[in-house]
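# Per-entry structural report
For reference, the chains in residue letters:
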Amino acid sequence: MTKRQAIHTFWSSFDWPAINEQSDIDEDTAKELGFDTRRIEYEFRSGDYSEPVALTASLFQRSDSWTDIDAKAREIRAFINHGYREPIDGGYLWITAGNPFTNDEAPAETGWRRVILNINAHFLTST
């Protein structure tokens, strides 16, 4: 598994549609994939064995309440509480929580909630 695939696998494991924030999909495809009600948009950058890479992801949910989106953020935090490890080509990816782990904000569009998550990705590989 490549580094990019491992990051996607991680974010896709939380029962919400996940997409790299640099992906370009049209409105119809977004609706078909469920991105029109809730989604995880994550960034991807990679590194090597020497230093962790600080990454962010945003949870988006169309809602008037923070209850479900905050619960999802807590679920993800609990999942990586002691680190998450995924085998990748030449080694493994180890994900830990960033500090702070979450930041809340309401996007400009009415009815949407957004929680920004901060993680550290350790690409423990020789390449």
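Attention here is on the structure that accompanies the text. These figures come from a predicted structure and were not determined experimentally.

## Brief notes about the nonpolar core
The biggest cluster of nonpolar side chains holds 28 residues, and the ones touching the most others in it are Ile7, Trp11 and Leu59. At the level of secondary structure, the elements contributing two or more residues to this core comprise α1 (3-11), β2 (38-42), β3 (53-62), α3 (67-79), β4 (84-88), β5 (91-105) and β6 (112-125). With 5 residues, the single largest contributor to this core is β6. Ignoring anything within four residues of it in the chain, the contact list for Ile7 reads Tyr42, Glu43, Phe44, Leu55, Leu93, Ile95, Ala121 and Phe123.

## Some details on the pairing of β6
Of all the 14 residues making up β6, 12 are buried; the element is thus mostly covered by neighbouring parts of the structure. Bridge analysis of β3 against β6 gives 10 bridges, and the strand direction is antiparallel. Its bridge partner being in β6, Thr56 is matched across the sheet by Asn118. Note that β5 and β6 share 11 bridges and pair antiparallel. Counted as the bridge partner of Tyr92 is Leu124 from β6.

## A few points about the environment of Met1
Note on placement: Met1 falls in the segment before α1. Using a relative accessible area of 36% as the deciding quantity, one classes Met1 as partly exposed. Sequence separation between Met1 and Asp89 is 88 residues, and the spatial gap between their C-alpha atoms is 5.5 Å.

## Brief notes about the sheet that holds β4
Across the sheet, which stays open at both edges, the 6 strands sit in the order β1-β2-β3-β6-β5-β4 with mixed pairing between neighbours. Strands at the two margins of the open sheet, each flanked by one partner only, are β1 (18-20) and β4. Between one strand axis and the next, the sheet turns through 30 degrees on average, direction left out of account.

Conventions we followed
Residues numbered from 1 in each chain as written. Predicted model: local features only at pLDDT ≥ 70, side-chain atom pairs only at ≥ 80, totals over all residues. Heavy atoms only, no water. Core = buried A, V, L, I, M, F, W, Y, C linked by side-chain atoms within 4.5 Å. Buried < 20%, exposed > 50% of the residue type's maximum accessible area, 1.4 Å probe, protein only. Helix = DSSP H or I, 4+ residues; strand = E, 2+ residues; numbered from the N terminus. Contact = heavy atoms within 4.5 Å. Pairing = 2+ DSSP bridges. Axes fitted to C-alpha atoms, helices over the stretch in contact; angles between N-to-C directions.

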